[in-house]
Structure formats: C-alpha cells, structure tokens
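Coordinate inspection notes
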Amino acid sequence: MNRLSLTSINSKAPLEVTFTTSGTFAFGTENAKYIVGFVEDQTILDSGVYQFFIENANGLKNTLSTKVYQTIVVIIEEFFKENASAMLYICDTSDGKQSARDRLFSMWFNSYEGHFNYTLSRVSIQIDGIDYYASLLISNSNPSYAEVLSAFKDFTNGLSEKIG
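Description of the structure in this document. None of these values were measured; they are calculated from a predicted model. (Residues numbered from 1 in each chain as written. Predicted model: local features only at pLDDT ≥ 70, side-chain atom pairs only at ≥ 80, totals over all residues. Heavy atoms only, no water.)

**Regarding the nonpolar core**
Core analysis: the biggest nonpolar cluster contains 33 residues, and Phe27, Ile75 and Met87 have the highest contact counts within it. Contributing elements (two or more residues each) for this core: strand 2 (25–28), strand 3 (33–40), strand 4 (49–56), helix 2 (66–82), strand 5 (86–90), helix 3 (98–111), strand 6 (118–127) and strand 7 (130–139). At nine residues, the largest contribution of residues to this core is made by helix 2. Every residue in contact with Phe27, bar those within four places of it in the chain, is listed here: Leu15, Glu16, Val17, Ala32, Lys33, Tyr34, Val36, Val68, Thr71, Ile72 and Ile75. Counting 14 residues, the second-largest nonpolar core is a separate cluster that includes Ile44, Ala134, Val148 and Phe152. (Core = buried A, V, L, I, M, F, W, Y, C linked by side-chain atoms within 4.5 Å. Buried < 20%, exposed > 50% of the residue type's maximum accessible area, 1.4 Å probe, protein only. Helix = DSSP H or I, 4+ residues; strand = E, 2+ residues; numbered from the N terminus. Contact = heavy atoms within 4.5 Å.)

Written out as structure tokens, the structure reads:
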C-alpha cells in the first residue's frame, strides 16, 4: 500500500490526524480517541484489497460527530487517491452492535458527495446465530473493478452456500 500523505489529510480534515508508530492514523474529539487504518487482506484476492478498521481507542462513549465522519472520509479519500485498491470493511461483532455499524457506514457512504465515483457492495451473513456484515468499497475507475467485485460476490456467495 502506498503511504498516505498526512499533510494532505490534515489540510482537509476538521480534526487533527497523527500517524502512529504502528502505521495507523489517530484523531480525537474532546471525549473519544479514534484509530483508523488499513491492513492488507487476502480473503477475496491475493492482492489489491485492504481491510479498513475504525477503533474507539479509549473506549469512551461518544456521539459520532460530523467532524469524526468528515475526518474518516478524508482518510478514505486519501487512501483511494494514493492506491488503486479496494477497501473491505467488516463490522466488529464483539458488542453485538454490528448491524448499527453497518447502517452507519452505509449512511456515511450515501451522504458522501463523491459517492457516485465508487461502488459499495454490502452483504450480511448469519453464522451460528451471529449476523456478520461486510462491505466492499471500490473506485469505479479501478482497473480491476470487475475482477474485485466478482471475487467479493463469489466469496460471500460461497460462505452463504457453506452455511445454508
């Protein structure tokens, strides 16, 4: 993955973003501190897909503000500006709020003014009574667009068939 420009991110983000020693990005509000990052994922293809994560670093409850949303959008925009990759977002299931996370991510995407430049493919699968939510976000101009989207659909369909 090509390195993202912290200067570019901070020139557009409403909250100050720092680069951590572990290769992630950190920012915060008065109450909550967030860590976001990208990890190479080979679940659906051998390369070209990165899993995106958002972590509440201090565990303090915070109402997600517009500034948090806008900061995350700027980081994702920088990711796509620097990388001809796809982004996989899998909702955390540890607290049972994965459905809310899925709805929030989808709402953020649909309210993003540049959403028409991207395709968001969402899936939910129930395994052993737990609902899992995953989304694939890919630029419509990605040279591997059809291959990546097809691989995501094949993978999720394969999971559904195995548990169905």
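Read on, since the account is not over.
**Remarks on helix 3**
Spanning 14 residues, helix 3 covers 20 Å between terminal C-alpha atoms, matching the ideal 20 Å at 1.5 Å per step. Within the sequence span of helix 3, burial applies to Gln98, Asp102, Phe105, Ser106, Trp108 and Phe109. Taken around the axis of helix 3, the buried residues stretch over an arc of 160°, which confines them to a single face. (Expected span 1.5 Å × (residues − 1). Arc of directions from axis to C-beta.)

**What about the sheet that holds strand 1 (residues 18–19)?**
Taken in spatial order, the seven strands of this open sheet run 1-2-3-4-5-7-6, and their pairing is mixed. Each edge of the open sheet carries a strand with a single partner, namely strand 1 and strand 6. Here strand 2 pairs with strand 3 via four bridges, running antiparallel. Its bridge partner lying in strand 3, Phe27 is registered against Tyr34. Helix 3 contacts strand 4, strand 5, strand 6 and strand 7 of the sheet and is inclined by roughly 20° relative to strand 7. (Pairing = 2+ DSSP bridges. Axes fitted to C-alpha atoms, helices over the stretch in contact; angles between N-to-C directions.)

**Digging into unusual backbone geometry**
Positive phi, close to 50°, is recorded for Asp128, a residue that is not glycine. For Asp128, the location among the structural elements is in the loop between strand 6 and strand 7.

**Focus on the packing of aromatic side chains**
Applying the stated criterion across every chain yields a total of 11 aromatic pairs. Look at Phe79 and Phe80: their rings are 5.0 Å apart centre to centre, the planes differ by 75°, and that puts the pair in the edge-to-face class. For the residue pair Phe79 and Phe80, the accessibility class agrees, reading buried in each case. Three or more aromatic residues link up through ring pairs in this structure, and these residues are Phe38, Tyr50, Phe52, Phe79, Phe80, Tyr89, Phe105, Tyr112 and Tyr118. Between the NZ or CZ atom of Arg3 and the centre of the ring of Phe19, over which it lies, the distance is 4.2 Å. (Phe/Tyr/Trp six-rings, centres within 6.5 Å; stacked < 30°, edge-to-face > 60°. Lys NZ or Arg CZ within 6 Å of the ring centre and 35° of its normal.)

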